[in-house]
Amino acid sequence: MMSNLNALRTSLNALRFATGTLLLGSALTLGIYGLSTLNNQSLADDDDDEHSEYRPRPEQPGTGMAATQQYKQECGSCHLPYPAKLLPARSWQTMMASLDNHFGDDASLSAATQAEILAYLSAHSAGNQTRYLKGISDSDTPQRITELPYFRRKHREVPERMVSGNPQVGSFSQCDSCHKDAAQGKFNEHSVVIPGFGRWDD
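Bear in mind the structure is a predicted one, so any value in this text is a computation, not a measurement.

Peer 1: Provide a residue-level description of helix α4 (residues 111-124), including the pertinent values.
Peer 2: For α4, built from 14 residues, the straight-helix expectation of 20 Å at 1.5 Å per residue is met to within 8% by its first-to-last C-alpha distance of 20 Å. By the burial criterion, the buried members of α4 are Thr 113, Ile 117, Tyr 120, Leu 121 and His 124. In an axial view of α4, the angular spread of the buried residues amounts to 95 degrees, which keeps them on one side of the axis. Where α4 is buried, its residues meet α2 (65-76) and α3 (89-96).

Peer 1: Now, about the pattern of salt bridges: what can you tell me, with residues and values included?
Peer 2: Side chains bearing opposite charge may pair, as long as their charged atoms lie close to each other. All chains considered together, the criterion is met by two salt bridges. The partner of Arg 144 in a salt bridge is Glu 147, and the shortest N-O contact between them spans 4.0 Å. In this structure Arg 144 comes out as partly exposed when scored by relative accessible area, which is 43%. Glu 147 sits in the partly exposed class, given a relative accessible area of 46%. A salt bridge links Lys 154 to Glu 189, with the nearest nitrogen and oxygen atoms 2.8 Å apart. Of the two residues, Lys 154 sits in helix α5 (residues 149-154) while Glu 189 sits in the loop between α7 (175-178) and β1 (193-194), which places them 35 residues apart along the sequence. By relative accessible area, which is 25% here, Glu 189 ends up partly exposed.

Peer 1: Any chance you could break down the packing of aromatic side chains for me, citing the residues and the numbers?
Peer 2: Within a pair of aromatic rings, the relevant descriptors are the distance that separates the centres and the angle that separates the planes. Using the criterion set out here, one finds three aromatic pairs in the structure. Ring geometry for Phe 151 and Phe 172: centres 6.5 Å apart, planes at 90 degrees, overall edge-to-face. Placement of the pair is Phe 151 in helix α5 and Phe 172 in the loop between α6 (160-163) and α7, with a sequence separation of 21 residues. The exposure class assigned to Phe 151 is buried, which follows from its relative accessible area of 11%. Judged by relative accessible area, Phe 172 falls into the buried class, the value being 17%.

The rules behind the values
Think of each chain on its own: its residues are numbered from 1, step by step along the sequence as written. Totals for whole chains, interfaces and linings use all residues, but because this is a predicted model, local features are given only for residues with pLDDT of at least 70 and pairs of side-chain atoms are given and counted only at 80 or more. Remark: hydrogens and water are excluded; side-chain values derive from all non-hydrogen atoms of the structure. Helix and strand definitions follow DSSP, with helices as H or I runs of at least four residues and strands as E runs of at least two, each counted in order from the N terminus. Multiplying 1.5 Å by the residue count of a helix minus one yields the expected span of that helix. The buried label applies to any residue whose accessible area, calculated with a 1.4 Å probe on protein chains only, is under 20% of its type's maximum; exposed applies above 50%, and partly exposed to all values in between. The arc in question is formed by the directions pointing from the helix axis toward the C-beta atoms. Only heavy atoms enter the contact rule, under which two residues are in contact if any of them lie within 4.5 Å. A carboxyl oxygen of Asp or Glu within 4 Å of a side-chain nitrogen of Lys or Arg is what we treat as a salt bridge. Between 30 and 60 degrees the pair is tilted, below 30 it is stacked and above 60 it is edge-to-face, where a pair is any two Phe, Tyr or Trp rings, Trp via its six-membered ring, whose centres lie within 6.5 Å.

Below you can see the structure in the form of structure tokens.
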């Protein structure tokens, strides 16, 4: 009787050990999978989208195709129409309110056009929790995309001589000089070609 009881205890202990090992292995596997998924998501979030930033969102005011085209036409006639998601709404509001002195130029528009473009920019602007505004206080109103910590981090390995010192580029604000799909709102770092230097590979 005692030997049978001991055998039963031994079997139960072995079963407990096997079950514990299985559960621990499963938990570790799920944990590793979760971390790898999170890491991959972080990398995906950190990389620029392949999708156009100028896709209209008809369900929101000021975001239909007409508003998109008006923004690209008016602002794109002088420079790249930068994706609205790179700055918060408060930045666009400040910028649009001072178009008569737009970085040294007079970019004045009619009141109606100005209001429509502002509605577009506000609807597509960066929320305070997006990666573009990391390191920016909620009370800050950045005006230059090139001064954002996100922008600087993405370009930190690109030597100044290849951009600011490059007569074919001139400035980091000339995104479309190196990002050939910038006009479509695509800034994939793996398709960068710097004039005079060729494809950039960090």
